[in-house]
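A look at the structure
One-letter residues, chain by chain:
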Amino acid sequence: MATTIGSGFLEAQPLTGPYPSGAPAIFIDQVARLGGKAGIVASVGNDDFGQLNLDRLRRDGVDVSAVSVSGDLPTGSAFVRYRADGGRDFVFNIKHSAAGRIEMTPAVEDLIKAAGHIHVMGSAFVIPGAADVIEAAIHAVRSRGGSVSLDPNVRKELLDSGNISQHFSSVLKVADLVLPSGEELFAAAGQSDEPSAVASLLDMGVSEVVLKRGRDGASFFGRDDTRIDCKAFVVEEVDPTGAGDCFGAAYLTSRRFGLSPEESLLRASAAGARNVTRQGPMEGLSTPSELAAFIAATPRR
Ligand code: ATP
Ligand code: MG
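Our subject in this report is the structure included herewith. (Residues numbered from 1 in each chain as written. Chains lettered and ligands numbered in written order. Predicted model: local features only at pLDDT ≥ 70, side-chain atom pairs only at ≥ 80, totals over all residues. Heavy atoms only, no water.)

In this section: the pairing of strand S8 (residues 208-212). For S8, a buried count of five out of five residues is recorded, marking the element as mostly surrounded by other parts of the structure. Of the two faces of S8, the one holding Glu208, Val210 and Lys212 and the one holding Val209 and Leu211 are both buried throughout. Bridge count between strand S7 (residues 177-178) and S8: two bridges; the pairing is parallel. The partner of Val178 across the bridge, within S8, is Val209. Note: S8 against strand S9 (residues 218-222), five bridges, orientation antiparallel. Paired with Val210 across the strands is Phe220, a residue of S9. In this antiparallel pair of consecutive strands, S8 and S9, the connection spans five residues, and Gly214 shows a positive phi of 55°. (Buried < 20%, exposed > 50% of the residue type's maximum accessible area, 1.4 Å probe, protein only. Helix = DSSP H or I, 4+ residues; strand = E, 2+ residues; numbered from the N terminus. Pairing = 2+ DSSP bridges.)

As structure tokens, this is what we get:
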């Protein structure tokens, strides 16, 4: 019997890669490249793909002491298919991989003790046990006066397990910054139009909502009806994967370095735009000087 699963992966596609990847890895590597002090909680297998990711993170200055290396499970992997209509489909091999096993270890505890901010990648909630680690980390960081951000990073292919919206609402109760893209805003806020969704997040106590709109730019929403729109830079999009993570990392790092929401939004937009010009989700990450040169030289839509 022939059945169709997914949407097109049964046909042969030209393959490129492998590339180091994973939303949390892209995000944290971009933080480190911009000079932020960065560490990641993750798990890889004792194999070439795990080495690929660890090597890149180490090279760029990310603290990987809380990355556990599984003795029996392979590194999680993902395939991305780019459709002619501009959409993307993902095939994830996560659940039965090292990435599907996140636990509180002494190394994770030590990293959390040193953190002044925790960034939560919503896709992590599909991993059994990750919610407990995230909750403990948020509690520890908040009780020391630290801050919290959330990228909902909803991947429809990963949504069949776990109660994502319940997990989102518990993070949103304590989040300072939320960085949704497209429909994720509605999923996170439980509202179906943009103004109500943004208002609802701000009412929950979030101080900054930053919406990512792909080639249509980005918007900041803050307290007292503050809104700042930032047009996207004009670039040739080669590979959109990872733009949101680079954007979020540049926004957060810029804010933590004391830049205003407006300046941070511009740098974030530049980091997102630069990343889409390269094939591979973390091949177009930016240093501060690359961002500055790009901003000075590139027109916006
Ligand atoms: P992903 O989940 O693939 O990492 P995302 O959906 O979270 O991405 P996007 O909205 O695609 O995030 O991209 C983040 C930001 O990067 C956009 O708000 C925009 O500023 C910039 N960006 C993305 N795509 C383009 C593009 N084609 N041209 C210019 N800027 C872009
Ligand atoms: Mg995203």
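Now that the structure is up, let's keep going.
As a further point, take the site of ligand 1. Ligand 1 sits among 24 residues. The nearest are Ser181, Gly214, Gly217, Glu237 and Gly244. One of the backbone nitrogen or oxygen atoms of Arg213 is found 3.3 Å away from an oxygen atom of ligand 1. Between ligand 1 and the protein, one listed contact pairs an oxygen atom with a backbone N or O atom of Ala243 at 3.4 Å. Across the complex, the protein chains shield 95% of the 630 Å² of accessible surface that ligand 1 would expose by itself. Of all the secondary-structure elements, those providing two or more residues to the shell around ligand 1 are helix H8 (243-256) and helix H9 (261-276). Here the residues of the shell around ligand 1 are counted per class, giving nine nonpolar, eight polar and seven charged. (Near = heavy atom within 4 Å. Polar contact = N/O pair within 3.5 Å; in protein donor to acceptor, adjacent residues only side chain to side chain. Areas by Shrake-Rupley, 256 points an atom, 1.4 Å probe, with all protein chains shown as cover. Nonpolar A, V, L, I, M, F, W, Y, C, P; charged D, E, K, R; others polar.)

Time to look at the nonpolar core. Ile40, Leu57, Val210 and Leu265 are the most contacted members of the largest nonpolar core, which has 40 residues in total. If you list the elements that add at least two residues to this core, you get helix H1 (23-33), helix H2 (48-59), S9, strand S10 (226-230), H8, H9 and helix H10 (288-297). Sorting elements by how many residues they give to this core places H1 first, with seven residues. Setting aside anything within four residues of it in sequence, one finds Val210 in contact with Leu177, Val178, Leu179, Pro180, Ser219, Phe220, Phe247, Tyr251 and Leu265. Among the nonpolar cores identified, the runner-up in size contains 39 residues, and Ala66, Val126, Val178 and Leu202 belong to it. (Core = buried A, V, L, I, M, F, W, Y, C linked by side-chain atoms within 4.5 Å. Contact = heavy atoms within 4.5 Å.)

That's the geometry; what it means functionally is another story.
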